[in-house]
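A closer look at the structure
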Amino acid sequence: LLLFFAPHVAHCPLQVPQDKFDEFRALTGEDDISQCAAQTPYIYPGSGGGPSVMRCKAQYAAMVKTLDDSVGALVDKLKARGMWEDTLLVLTSDNGGPVLLDESASTNFPLRGGKYTPLEGGVRAAALVAGGAVPVAVRGTPVVAPIHVADWYTTLCALAGVDHTDTRAAQWGLPPVDGIDQWDAIASPASPLRWPVSQPAPARRVLSSSLVEGPLRLRAEQGVSATAMAVADEYAASLRSELASGREIPLDGDTLLVGDLKLHNSSDIHFAVVQPPDFPNASSTDIRHFVQDCGSKGGCLYDVANDPSELVDLSASMPDIVDAMLARLAQLRRGFFENAETGADDCPSDTAGMPCACWAGVHRWGGFMGPYQSGAF
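The sections below set out a description of the structure shown in this document.

What counts and what doesn't
Residues numbered from 1 in each chain as written. Predicted model: local features only at pLDDT ≥ 70, side-chain atom pairs only at ≥ 80, totals over all residues. Heavy atoms only, no water. Buried < 20%, exposed > 50% of the residue type's maximum accessible area, 1.4 Å probe, protein only. Helix = DSSP H or I, 4+ residues; strand = E, 2+ residues; numbered from the N terminus. Pairing = 2+ DSSP bridges. Expected span 1.5 Å × (residues − 1). Polar contact = N/O pair within 3.5 Å; in protein donor to acceptor, adjacent residues only side chain to side chain. Contact = heavy atoms within 4.5 Å. Disulfide = S-S within 2.5 Å.

On to the pairing of strand S4 (residues 255–258), then. In S4, alternate side chains face the same way, and those of Thr255 and Leu257 on one face and Leu256 and Val258 on the other are all buried. Bridge count for strand S3 (residues 248–252) against S4 is four bridges, and the pairing is antiparallel. Along S4, the bridge assignment pairs Ile249 with Leu257. Connecting S3 to the next strand, S4, in antiparallel fashion are two residues. Bridge count for S4 against strand S5 (residues 261–264) is four bridges, and the pairing is antiparallel.

A separate point is helix H10 (residues 319–333). For H10, with 15 residues, the first-to-last C-alpha span of 21 Å sits near the 21 Å given by 1.5 Å per residue. All buried positions along H10 are accounted for by Asp320, Ile321, Val322, Ala324, Met325, Arg328, Leu329 and Leu332.

Take the side chain of Thr87 next. Tracing the chain through its elements places Thr87 in the loop between helix H3 (56–80) and strand S1 (89–92). For Thr87, a relative accessible area of 14% translates into the label buried. A distance of 2.7 Å separates the side chain of Thr87 from the backbone oxygen of Met83, its partner in a polar contact. Discounting chain neighbours no more than four positions away, the residues touching Thr87 are Leu78, Ala130, Gly131, Gly132 and Ala133.

Turning next to the state of the cysteines. In total, this model carries three disulfides according to the counting rule given. Covalently, Cys36 is tied to Cys56 through a disulfide, its sulfur atoms 2.0 Å apart. Every disulfide takes its handedness from the sign of the S-S torsion; for Cys36 and Cys56 that torsion is -100 degrees, giving left-handed. In this pair, Cys36 is assigned in the loop between helix H1 (18–28) and helix H2 (46–49) and Cys56 in helix H3, connecting sequence segments 20 residues apart. By relative accessible area, which is 0% here, Cys36 ends up buried. In this structure Cys56 comes out as buried when scored by relative accessible area, which is 0%. Linked covalently through their sulfurs, Cys347 and Cys356 form a disulfide whose S-S length is 2.0 Å. For the disulfide bridge between Cys347 and Cys356, the dihedral angle about the S-S bond is near 85 degrees, and by the sign convention the bridge is right-handed. In the chain, the bonded cysteines, numbered by position in the sequence, are linked as 1-2, 3-4, 5-6.

Here you go:
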């Protein structure tokens, strides 16, 4: 039995029942913001009194509480039916919180950036597994292995004893499923900061180790200090190990995560700042102008296990690692697939200021999100 639950909270438009909102409004007091009303003027409770009644942090917190209550109700029902001990519950998110003041009221502290960015605040999303299927030895412990959303399909197929190969997609010339069975990483106690690598992942190609070893030998001949070489050798060994195991995640065309090392090569990374824990508040200003340029300097390199805020750029001290990861990213980029189809919004020309998706939800789907486009071109 596969049960897929896709709640719309926590997501814009910020919409919560009045009792949930009242529960949190007193906690934010005068330190709240109202800018999120820009996307929710037609959503209760903002529609009646205008933007002045909006309390974005209170509503966002209330949405998370609503989600918590909903998941709790599902768990309680599974327990009441005697199904919990045979259940694997996976709770995961699609991205970090948006940090545009007129969109939401989230902070990704201590991570830098947010939704729409390849920074950790945008891609290191919250997730957990629970239920009787989780081995007792690892319950309540963190999983240190980065898991891509595409890995869940492959992992669940393996647990169910089902081949994850998509033959219908192959018939249409689409690329194969790009996911790794991560159950060993989830179900096995992990050593600190490093991924447990129990088996190779043939779905992802291996980078020639000469791309790592060659530059390091050259640097040794050029008189690089023994200490710097030792550090670089340690990272290079780790890099080779992770690449050989297939434990790599290309986050986009300019960003590659291999083990604990993360390479940025974009010249236009927005929201490149760590938001404070109480962000946003009454004194917060727009942070979209915080832009990081890694492309013009040949790449930025971070150890995101020890530096999850991505504040210490290692690229200058480890140019060999940067070169190797840039080469690997160029290889992977040739195999990227992007659906070029686009749809056309199927809404009246006058939607009273609502986005088409929201207009369709109100007028066609009884308050729920549903299809709002009329074809692909």
